[in-house]
Amino acid sequence: MHRMADKVHLEELVKTGILNGNVEDMMKVHLGSVFMPHGLGHLLGIDVHDVGGYPERDAWCRSESETKRGQAAGTSSG
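Residues numbered from 1 in each chain as written. Predicted model: local features only at pLDDT ≥ 70, side-chain atom pairs only at ≥ 80, totals over all residues. Heavy atoms only, no water.

> Explanation requested: the overall build of the protein chain in the structure shown.
Tallying secondary structure elements over the protein chain gives 3 helices and 2 strands in all. Tracing the protein chain from N to C terminus, the helices and strands come up as α-α-α-β-β. Sequence-distant contacts, at least 24 apart, represent 42% of the contacts inside the protein chain between residues at least 6 apart. Counting every atom, the protein chain has about 5,900 Å² of accessible surface; 56% of that belongs to carbon and sulfur. (Helix = DSSP H or I, 4+ residues; strand = E, 2+ residues; numbered from the N terminus. Contact = heavy atoms within 4.5 Å. Areas by Shrake-Rupley, 256 points an atom, 1.4 Å probe, with all protein chains shown as cover.)

> Teacher, can you tell me more about the nonpolar core here?
The tendency in soluble globular proteins is for nonpolar side chains to be buried side by side. Formed by Leu 10, Leu 13, Leu 19, Val 23, Met 26 and Met 27, the largest nonpolar core amounts to 6 residues. Elements with a minimum of two residues in this core: helix 1 (2-15) and helix 2 (23-28). No other element matches the 3 residues that helix 2 contributes to this core. With near-sequence residues (within four places) excluded, Met 26 lies in contact with Leu 10, Val 14, Leu 19, Asn 20, Gly 21 and Leu 31. (Core = buried A, V, L, I, M, F, W, Y, C linked by side-chain atoms within 4.5 Å. Buried < 20%, exposed > 50% of the residue type's maximum accessible area, 1.4 Å probe, protein only.)

> Quick question: what am I supposed to make of the side chain of His 9 here?
You can see His 9 is positioned in helix 1. Not counting chain neighbours up to four residues away, the residues in contact with His 9 comprise Gly 32, Phe 35 and Met 36.

Spatial relationships are all this shows, so hold off on functional conclusions.
In structure tokens form, the structure reads like this:
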């Protein structure tokens, strides 16, 4: 979900002329984090910001676990 949101907002920034270039290349260097530094959201658990750990394979995602039935997540609309 985070990667999809990252791609969509980068595409819109290119469409409006704020950014110029290839969106896939922008995603590879995590350019979207400049505009969305806290990510799409976070898991909700015992601690309000119970993120579930940051995966080594993709540190820009907020959880290494797959979404399961009954699991809740919040969006940070900062």
